[in-house]
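Coordinate inspection notes
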Amino acid sequence: MVGPPKPTPQASFLKRTTVIPLLFIALLCSLSYSLGLWQNRRAAADAGGGAGTTKLQCTHYTPTQINTTALDFSSHHSAAAAVTDFVRTYPPCAAKYMEYTPCEDARRSLKFMRDRLIYRERHCPGKGDLLKCRVPAPHGYRTPFKWPASRDLVWYANVPHKELTVEKAEQNWIRYERDRFRFPGGGTMFPNGADAYIDDIGKLINLADGSIRTAIDTGCGVASWGAYLLSRDILTVSFAPRDTHEAQVQFALERGVPALIGVLASKRLPYPSRAFDMAHCSRCLIPWDQYDGVYLMEVDRVLRPGGYWILSGPPIRWKKYWKGWQRTREDLNGEQTAIENVAKSLCWKKLVEQGDIAIWQKPTNHLECKAHRKITQNPPFCPAQDPDKAWYTNIETCLTPLPEVSDNQEIAGGKLAKWPQRLNSIPPRISRGSVEGVTDEIFQQDSQLWKRRVSYYRTVNNQLGQAGRYRNLLDMNAYLGGFAAALVEDPVWVMNVVPAEAKINTLGAIYERGLIGTYQNWCEAMSTYPRTYDLIHSDSVFTLYNNRCEMEDILLEMDRILRPEGSVIIRDDVDVLVKVKRITDGLNWDSQIVDHEDGPLNREKLLFAVKLYWTAPASSDQGGSTTS
C-alpha cells in the first residue's frame, strides 16, 4: 500500500511563506485598530478639556436666522460671572494696572534717554515681563455716552482724573460736573471753541469741498480739534505722549474720537508716506526749529502732495503775546524765522498768516524742488529707501522724495478723488501697480466681499447695526480697509491696522481711500489705553502670528484694549479657533464659533465673543499708579 506522498522541502516552504504573512497582517490590523481607538479617545478627552468643560458648538447662520445666537450684546453692568472650569484661567490684575499701557510704562521709560523725548517713545516689556492677567476697569465703570453726545460728555468713573479741570480751567478744555466731565470744545489757542477755530481755518483753506479728508493732530490735548472736524467729514488721527496724570489721549478715546499715544522723537510716526491731507499743531510744544528741522521733515513725509500744515501758538503772532508767553521778543522772532527757513528748505509755500494761524502748503511734486537742490543740498533728498516703512524706523534728516512726474502740473503719486467718491475709487497706489499683487479688479472684488461679510456679521450680532451701540472699532488686519469701508455709513470710526509682518504693505492705499490706520506688531501691545475699543475685528491674525508669539498674549492684549461688554469677531481656520476659544473662555468672555458665511463646508469659521462686565473692587484707588 502506497502512503500519502511526503511533502517536499519546497512545498513545506511555500506553506510557511503563505501562513506567516497572513499572521503578520492580522497582527498589524489588530495593533492599528487598538492604536486608532486609543487616539480617538485621547482626542475626545483633549477637545472636551476635562470634566465640567462646556462642549464646543459650531452654529451655522443664514440671513433669515437673525437673533438666533445665544450671545448677549446688551449692557447689564452686572457683577463678574463665575470662573469657568477650564485648563487655564486668567485672574484680574491688581487695581494699580487700571490704566496700564505696557509699551509706555513710566518706570521703564526712565531707563532711556531724555534727549529728544526718546524716553517717551515705545519701549515694550520683554517676554518675561508680560502680564498674564486681565486689566480691570475702574469701579463704577459705565457704558460711554452714545455718539454724538459722547463728544461733549464722559463719565467721571471711567477716567477718574480731575487734574485737567484745574490745570486748564481758564482755557475751556474740560469741566467737572458731579458724576461726569463736560468738554466745551475749547483749547489753549481756541478759547471760543474748536468750531469757531475751525471756521477761521475754513476761511483760509477749503474744508468743505471734499479735497481734505484725512488729518493728523500732533500734541492733540483732549482732541477737540479732531472731534469737531468729524461733523465736516474730516477724519483726524490725534496723538500725544502718555501723560503721567492727565490722560489726555484717554479722554479723547472715551469721547469717541480717534487717537493714539505717540510722540515725535527719534522714530518715524507709524503711518505711511503721503497719508494726510492736513497736519495741525496748536501749541503742541514740539520744537519744530530744533535738530535741523527733523520733525518738520517727518511731517513732510506723511503729508500728501499739496497738503497743508497749520501752526497756531508760539511763535505765531508773538508780537502780541510775547509777554504772556514769558519769553523775549528776540527768542520768539528767532524761533519763527528758523521755522520759516525749514519750511522753505522743504519747498513748502507759506499761504497765509492771519491772526493766530499760519498755514503752509507742500508742493504737488518735486520738479522745481529738485532743480533748486542743484544749488543747495540742505537738506538733501533721502537716499533710496521705502518711504512707507514706519515701524521702529529712524527719522532721517533729509527730504523724502515724491514719486516722479513728467511735468510740473502732475500730482506726484496720482490725483485723489474728493470725498466721498474717494472711498470706492481705485487708490492711485493700486492703479499705478505699486501695491504688489493687488490689481484694480482685486480691489473691487475685495470691496464687494466685505459688504457681504459685514451684512452676515449683522445677522449674528444684530447690535452691530444699531446706531450708537458701538463707536470705536479696531480692525487688526485690515488689508485694503474693506471692513471699515462697509461700515462707513454707520456712526463709527475704524482704526485700520496693517501688521508689520504682513506680506504686503497696504496702509498707503487705505489712506488713499480716505480711511485712517496705523502699523502694529501684535506680538507687542498697542499704543493705547485700556478699554479703547467697543468692537475688535480680527481676520486671520492668529494664522499670521503662528510661531511668532503666544496666542494668549495677543488675546490678553485684545482683552486689555476692549471695553467691558465690548464685542469681538475673529475669522480664522477652525483648528485655530478651537484653540482661541479655550483661551477666551479662560478670559471670561462669552464666545461661540459659527460657520463661515458661505456655509459649513468652509474650513474658515468665525468666533463671536462678548467681554463680560467686571471692574476693580470698590476699595481700590481710582487714581492710583498704573506702573508695574
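Our subject is the structure that appears above.
Reference entry: report on the structure contained in this document. (Residues numbered from 1 in each chain as written. Predicted model: local features only at pLDDT ≥ 70, side-chain atom pairs only at ≥ 80, totals over all residues. Heavy atoms only, no water.)

A separate point is the sheet that holds strand 7 (residues 259-261). Spatially, 7 strands are ordered 7-6-5-8-9-11-10 in an open sheet, and the strand pairing comes out mixed. Here the strands that pair on one side only, and so sit at the sheet edges, are strand 7 and strand 10 (349-354). Direction aside, neighbouring strands of the sheet carry axes that sit 20 degrees apart on average. Where strand 9 (residues 303-312) lies against strand 11 (residues 357-361), 5 bridges are found, and the strand directions are antiparallel. Residue pairing for strand 11: Trp309 is matched across the bridge by Trp360. Contacts from helix 7 (residues 294-302) reach strand 8 (276-282) and strand 9 within the one sheet, and its direction differs from that of strand 9 by about 135 degrees. (Pairing = 2+ DSSP bridges. Helix = DSSP H or I, 4+ residues; strand = E, 2+ residues; numbered from the N terminus. Axes fitted to C-alpha atoms, helices over the stretch in contact; angles between N-to-C directions. Contact = heavy atoms within 4.5 Å.)

All right, on to the sheet that holds strand 3 (residues 175-177) then. One open sheet holds the 3 strands; their spatial order is 2-4-3, and the pairing between them is antiparallel. At either margin of the open sheet sits one strand with a lone partner, and together these are strand 2 (153-155) and strand 3. Each strand of the sheet is rotated relative to its neighbour by a mean of 30 degrees, with strand direction disregarded. Relative to strand 4 (residues 180-182), strand 2 runs antiparallel, the two being bridged by 3 bridges. The residue bridging Val154 from the neighbouring strand is Phe181, located in strand 4.

Considering all chains together, one arrives at 5 cavities of 30 Å³ or more under this definition. Of the volumes computed, that of the largest cavity is approximately 360 Å³. No other element matches strand 14 (residues 516-520), which puts 3 residues into the lining of the largest cavity. Of the residues assigned to the lining of the largest cavity, the class counts are 13 nonpolar, 4 polar and 6 charged. (1 Å grid on protein atoms, 1.4 Å probe; cavity = no way out; pocket = protein on both sides within 12 Å on 5 of 7 lines; lining within 4 Å. Points joined across faces, edges and corners; volume = space filled by probe spheres on them. Nonpolar A, V, L, I, M, F, W, Y, C, P; charged D, E, K, R; others polar.)

What follows is about the environment of Pro380. Relative to the helices and strands, Pro380 is located in the loop between helix 10 (367-373) and helix 11 (428-431). Remark: the alpha-carbon pair of Pro380 and Pro401, spanning 21 residues in sequence, is separated by 9.7 Å. Filtering out sequence-adjacent residues up to four positions away, Pro380 remains in contact with Thr397, Cys398 and Leu399.

Bringing the pairing of strand 5 (residues 214-218) into the picture now. Extensive coverage of strand 5 is indicated by the burial of 5 of its 5 residues. Burial along strand 5 is two-sided: Thr214, Ile216 and Thr218 and Ala215 and Asp217, pointing in opposite directions, are all buried. Pairing between strand 5 and strand 6 (residues 235-240): 5 bridges, direction parallel. Looking at the pairing, Thr214 lines up with Leu235 of strand 6. (Buried < 20%, exposed > 50% of the residue type's maximum accessible area, 1.4 Å probe, protein only.)

Right, let's get into the nonpolar core. Of all hydrophobic cores here, the largest spans 140 residues; its most connected members are Tyr271, Met278, Trp288, Trp309, Leu474, Leu555 and Met558. If sequence neighbours within four positions are ignored, Trp309 has contacts with Ala279, His280, Trp288, Leu296, Val299, Leu303, Ile339, Trp348, Ala358, Ile359 and Trp360. In this structure, Ile430, Val435, Val438 and Phe443 belong to the second largest nonpolar core, which totals 6 residues. (Core = buried A, V, L, I, M, F, W, Y, C linked by side-chain atoms within 4.5 Å.)

Quick look at the environment of Ser591 now. Looking at where Ser591 falls in the secondary structure, it is placed in strand 17 (residues 589-594). Sequence separation of Ser591 and Lys611 is 20 residues, and the distance between their C-alpha atoms is 8.6 Å. Among the polar contacts listed, one links the side chain of Ser591 to the side chain of Thr584, at a separation of 3.2 Å. At 3.4 Å, the side chain of Ser591 forms a polar contact with the side chain of Asp585. (Polar contact = N/O pair within 3.5 Å; in protein donor to acceptor, adjacent residues only side chain to side chain.)

Read these as spatial facts, not as claims about activity.
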